[in-house]
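Architecture and fold: a report
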Amino acid sequence: MKFLHTSDWHIGRQFHNVSLLEDQKHVLAQIIEYVKTEQVDALVIAGDIYDRAIPPANAVALLDETLNTICLTLNVPVILISGNHDSAERLRFGAGQMKQSGLHILSKIEDVTQAVIIKDEGLEVAFYGIPYCEPLSVRQVFNEELKNYDDAHTFLVNKIKDATLSNQINVLISHCFIDGAEESDSERPLQIGGADRVSYTPCTSFDYVALGHLHSPQYKGEPHIRYSGSIMKYSFSEQHQKKGVSLVEVDKTGLVKQTHLPLKPLRNMRVIEGELNTILEQGKLDPHSDDYLLVRLT
């Protein structure tokens with residue numbers, strides 16, 4: 001079975017007061033093309049679907065168009081969780097009805113042990129989702145004494161592990177900050193002072209862990225515990241990052257292969273440096289002169 005792992009779409013984001021919606025539509029079209037050409041069995045989105053809790057109308061329209069194409073036209077199920085930029089309550093509106101069309105919205109921490117089961121030729125893959133949640137929310141829902149993000153995340157992971165079945169392939173989806181992973185300037189801190197960090201150790205027993213929140217594609221702790229990264233560059237600190245989605249292949253033994261599939265931006269984000277006259281002359285010949293540029297004048 002194959003599925004695509006992506007995260008941090010941030011639909012509706014602006015960059016220095018410039019709308020990125022056209023750029024986002026360009027890369028989302030590439031994700032749809034990967035869904036078709038790779039003939040995947042599911043698409044996993046690990047949070048931060050929108051850039052803010054109340055997204056603009058054109059951002060909602062773009063997400064609606066994208067999910068309709070994947071779920072209805074291509075008949076490929078989508079499994080998504082809410083991130084710290086999303087409003088979990090707004091995102092899951094109509095979630096019960098949308099299941100019938102293949103859209104599975106996992107944004108209630110009360111339901112973390114309820115898996116989405118995808119079957120293919122005798123293979124069952126169980127997808128469990130931990131939406132972004134603060135320790136206080138977990139304490140209130142489960143009446144447990146949890147002091148910090150790590151306690152809360154570990155508690156939820158252990159509850160899911162107790163619910164997993166040995167005859168299934170188990171995939172965990174989580175929107176969190178794994179301690180020691182590489183961050184970017186465009187990520188909104190979950191907590192000041194590093195209190196938002198969680199350990200990867202409780203997650204190691206899953207066959208694959210699809211992470212969201214950090215914008216750089218990377219793994220932490222174990223190769224199967226992976227951030228797909230954001231779909232495009234959202235700050236100049238990301239200028240050298242290779243954006244894309246992760247193609248994950250599993251069989252009855254677990255993870256078979258993970259492949260990074262690149263996404264090509266409509267406009268790149270670059271830092272250039274030099275004297276003013278030199279940069280102006282280079283701009284006349286630059287085939288990508290409409291990129292987003294940070295110019296350092298010497």
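Notes on the structure in this doc start here. Worth saying up front: this structure is predicted, and the values here are computed from it rather than measured.

Right, let's get into the sheet that holds strand S14 (residues 222-227). If you trace the six strands from one edge of the open sheet to the other, you get S7-S8-S9-S12-S14-S13, paired in mixed fashion. A single partner strand is all that each edge strand has here, and the edge strands are strand S7 (116-120) and strand S13 (218-220). Ignoring strand direction, the axes of neighbouring strands in this sheet form an average angle of 30°. Inspection of the sheet shows strand S9 (residues 169-175) paired to strand S12 (residues 208-212) by five bridges, in the parallel sense.

What follows deals with the packing of aromatic side chains. This model, assessed by the stated rule, comprises six aromatic pairs. Both rings, one in Phe15 and one in Tyr292, keep their centres 5.8 Å apart while their planes meet at 70°; by these two values the pair is edge-to-face. In this pair, Phe15 is assigned in strand S2 (residues 14-15) and Tyr292 in strand S18 (residues 292-297), connecting sequence segments 277 residues apart. For Tyr292, a relative accessible area of 12% corresponds to the buried category. Feature note: the residues Phe3, Phe127 and Tyr208 constitute an aromatic cluster, connected by ring pairs. A cation over a ring is seen here: Arg197 above Phe177, with NZ or CZ 3.9 Å from the ring centre.

Helix length check: helix H6 (residues 149-163), at 15 residues, gives a terminal C-alpha distance of 21 Å against a target of 21 Å (1.5 Å per residue), a fit within 8%. What H6 keeps buried is the set Tyr149, Ala152, His153, Phe155, Leu156, Val157 and Ile160. Turning to H6, the residues buried within the fold contact strand S8 (123-130), helix H5 (135-142), S9 and strand S11 (197-198). For H6, the N-terminal cap is Asn148; the gap from its side-chain oxygen to the backbone nitrogen of Asp150 is 3.2 Å.

If you look at the biggest cluster of nonpolar residues, it comprises 41 residues, and the most contacted ones within it are Leu4, Trp9, Ile11, Val78 and Ile231. Of all the secondary structure elements, the ones that give two or more residues to this core are helix H1 (21-37), strand S4 (42-46), helix H2 (57-73), strand S5 (78-81), strand S6 (103-106), strand S15 (244-251) and strand S17 (269-274). Per-element tally for this core: the top contributor is H1, with seven residues. Counting residues in each nonpolar core, the second largest holds 29 residues, with Phe142, Phe177, Ala181 and Phe206 among its members.

A few words on unusual backbone geometry. We note that Asn75 has phi near 60°; this positive angle belongs to a residue other than glycine. Within the secondary structure, Asn75 sits in the loop between H2 and S5. By relative accessible area, which is 62% here, Asn75 ends up exposed. In this structure, Glu121 takes a positive phi of about 50° despite not being glycine.

Here the focus is a nonpolar patch on the surface. Nonpolar side chains collect at one region of the surface, where Leu276, Leu280, Leu293, Val295 and Leu297 lie side by side and expose about 430 Å² of accessible area between them. Contributions of two or more residues to the nonpolar patch are made by helix H7 (276-285) and S18. Examining the composition of the nonpolar patch, we find that three residues originate from one element, S18, more than from any other. Within the fold, Leu276 resides in helix H7.

As a further point, take the pattern of salt bridges. This model, assessed by the stated rule, comprises twelve salt bridges. Salt-bridge contacts for Glu124 lead to Lys119; the nearest nitrogen and oxygen are separated by 3.6 Å. Overall, Glu124 belongs to the partly exposed group, its relative accessible area being 25%. The class of Lys119 is exposed, set by a relative accessible area of 61%. Arg270 is paired through a salt bridge with Asp286; the nearest N and O atoms lie 2.9 Å apart. Placement of the pair is Arg270 in strand S17 and Asp286 in the loop between H7 and S18, with a sequence separation of 16 residues. Overall, Arg270 belongs to the partly exposed group, its relative accessible area being 21%.

Conventions adopted
- Counting restarts for each chain: residues are numbered from 1 in the order of the written sequence.
- Thresholds applied to this predicted model are a pLDDT of at least 70 for local features of residues and 80 or more for the giving and counting of side-chain atom pairs; totals over whole chains, interfaces and linings are not thresholded and use all residues.
- With hydrogens and water stripped out, all remaining heavy atoms of the structure feed into the side-chain values.
- Here, any two strands with at least 2 DSSP bridges between them count as paired.
- Labels follow the DSSP assignment, with helices taken as runs of H or I lasting at least four residues and strands as runs of E lasting at least two, numbered in each case from the N terminus.
- Under this scheme, a helix contributes an axis fitted over its contacting stretch, all axes are lines through C-alpha atoms, and angles between N-to-C directions fall in the 0 to 180 degree range.
- We call Phe, Tyr and Trp rings a pair once their centres come within 6.5 Å, taking the six-membered ring for Trp, and we label the pair stacked below 30 degrees between planes, edge-to-face above 60, and tilted otherwise.
- Relative accessibility decides the category of a residue: with a 1.4 Å probe and only protein chains considered, values under 20% of the type maximum give buried, values over 50% give exposed, and everything between is partly exposed.
- A positively charged side chain is recorded as over a ring if its NZ (Lys) or CZ (Arg) lies within 6 Å of the ring centre. The angle to the ring normal must also be within 35 degrees.
- Helices are assigned an expected span. That span is 1.5 Å times one less than the residue count.
- Contacts: residue pairs with any heavy atoms within 4.5 Å of one another.
- Polar contact is the term for a pair of N or O atoms within 3.5 Å; when the atoms are in protein, one must be able to donate a hydrogen and the other to accept it, and sequence-neighboring residues count only if both atoms are side-chain atoms.
- Put simply, a nonpolar core is a bunch of buried Ala, Val, Leu, Ile, Met, Phe, Trp, Tyr and Cys residues held in one set by side-chain atoms that sit within 4.5 Å of each other.
- Any residue with relative accessible area above 30% and no salt bridge may belong to a patch, with like charges joined within 9 Å and the nonpolar Val, Leu, Ile, Met, Phe, Trp and Tyr side chains within 5 Å.
- For the accessible areas, the method is Shrake-Rupley and the probe is 1.4 Å, while residue cover comes only from the protein chains on display.
- What counts as a salt bridge is simple: a side-chain nitrogen of Lys or Arg found within 4 Å of a carboxyl oxygen of Asp or Glu.

Worth remembering: the numbers are spatial, not functional.
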